[in-house]
Amino acid sequence: MKQFDVIALGELLIDFTENGTSEQGNPLWEANPGGAPCNVLAMLNRLGRRTAFIGKVGNDVFGRQLIDTVKTAGIDTSALLVDPEVHTTLAVVHTFPNGDRDFSFYRNPGADMMLRADDLPMPMLEDCRIFHFGTLSMTHEGVREATVQAVQYAKAHGALISFDPNLRPPLWNSMNDAKAAIEWGLGHADVVKIADNELEFLTGETDFDKGAAMLRARFKNLRLLNVTAGADGSYSYYEDKRVFVPAFRLGGTIETTGAGDTFCACTIETTGAGDTFCACVLHDVLEHGLDDRTEESLKNMLRFANAAAYLVTTKKGAIRSMPAPCDIAGVLS
């Protein structure tokens, strides 16, 4: 029995998301706590899992906001450190009507980049069932070394490795570096959640089946590969099985361009949807394992994850917007 179900390492930041305009016509931005790894943990905590986060924030108002938010979400913060000099990373998220997003990062440097290998809580890494990471903690040398050591140490002590590329081109010096980091992650992971654009970036394929086959042929360590296709749905590839489940569309998603939280079928807020999906998959893996999975069990996994991801799009932000199990059950019923 391990102390933690899932430990994640990576970025913890403030997502400034659009929230209408002021009386003077200026855009208003809401400071939402975010960062993909902690988004995943927040959803897992909603599902009753024991989680912990490894990372750094700045000694500033945003860092304090993030620490309070993570604690409130029930995530263990004993390995969440404060950098005394470098400010908390910020991201400005512009959402287009079709749900696509444009990111502007204030991060060179940002506190999340300051994590070092000697900051790692090795006893904690020995005591988790799943270790989860992405590539934002691999954009710079020091934090990349910490990420690599954490993955290798957790894996050596029996943890399953979960990986989400979470590609953010503005944060990379070159896309070749980004591709190399993603390929390293794929080469060490048991469970992967990859978005459709990331699959195309790696393989050149817009056909999901062909792209997934290419990755599975190259990275034979992949036991469960899930591809998210936005509003279309999601795919799961496991052994010789291929499963698709369409997305939920039960009444529109949050309006991000007008005043107030009105619902509108034409404008969507997708921040945190992929992370919510990823968390639900890990919850399912914790419950059912990775052996002898049937097509029906994979379909149930995707339906639950799709429903939760849909619900996150009906609110702004991520960590504070994760749905309760009863709300997911309502969508599924």
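Refer to the structure presented above.
Before going into details, it helps to say that this report is about the structure given with it.

About the criteria used
Residues numbered from 1 in each chain as written. Predicted model: local features only at pLDDT ≥ 70, side-chain atom pairs only at ≥ 80, totals over all residues. Heavy atoms only, no water. Core = buried A, V, L, I, M, F, W, Y, C linked by side-chain atoms within 4.5 Å. Buried < 20%, exposed > 50% of the residue type's maximum accessible area, 1.4 Å probe, protein only. Contact = heavy atoms within 4.5 Å. Axes fitted to C-alpha atoms, helices over the stretch in contact; angles between N-to-C directions. Helix = DSSP H or I, 4+ residues; strand = E, 2+ residues; numbered from the N terminus. Parallel < 35°, antiparallel > 145°, perpendicular 65-115°, else oblique. Left-handed = near helix turned anticlockwise from the far one by under 90°. Nonpolar A, V, L, I, M, F, W, Y, C, P; charged D, E, K, R; others polar. Expected span 1.5 Å × (residues − 1). Arc of directions from axis to C-beta.

## What about the nonpolar core?
In step 1: The biggest cluster of nonpolar side chains holds 52 residues, and the ones touching the most others in it are L12, L224, V281 and L282.
In step 2: The residues contacting L224, other than those within four sequence positions of it, are D190, V191, V192, S236, Y237, Y238, V281, V285, L290, L298 and M301.

## Quick word on the packing of helix α1 (residues 36–46) against helix α8 (residues 273–288)
In step 1: Here α1 crosses α8 at 50 degrees, and the two axes come no closer than 8 Å. Relative to α8, the element α1 is oriented oblique. Considering how the two elements wind past one another, α1 and α8 form a crossing that is right-handed. Residues A36, N39, V40, M43 and L44 of α1 lie in contact with α8, whose contacting residues are D275, T276, C278, A279, C280, L282 and H283.
In step 2: Within the contact of α1 with α8, the residues separate by chemical class into 8 nonpolar, 3 polar and 1 charged.

## Here we look at helix α4 (residues 141–156)
In step 1: Taking 1.5 Å of rise per residue, the 16 residues of α4 would be expected to cover 22 Å, and the 22 Å separating its terminal C-alpha atoms lies within 8% of that figure.
In step 2: Those residues of α4 that fall on the buried side of the exposure criterion are G142, V143, A146, T147, A150, V151 and A154. One face of α4 carries all of its buried residues, which in axial projection span an arc of 165 degrees. Projecting away from the buried face of α4 at angles above 90 degrees are the exposed residues E141 and A156.
In step 3: Those residues of α4 that are buried lie in contact with β1 (4–9), α3 (122–125), β8 (128–133), β9 (160–163) and α5 (175–186).
In step 4: In the segment just after α4, G158 is the residue with positive phi, at about 95 degrees.

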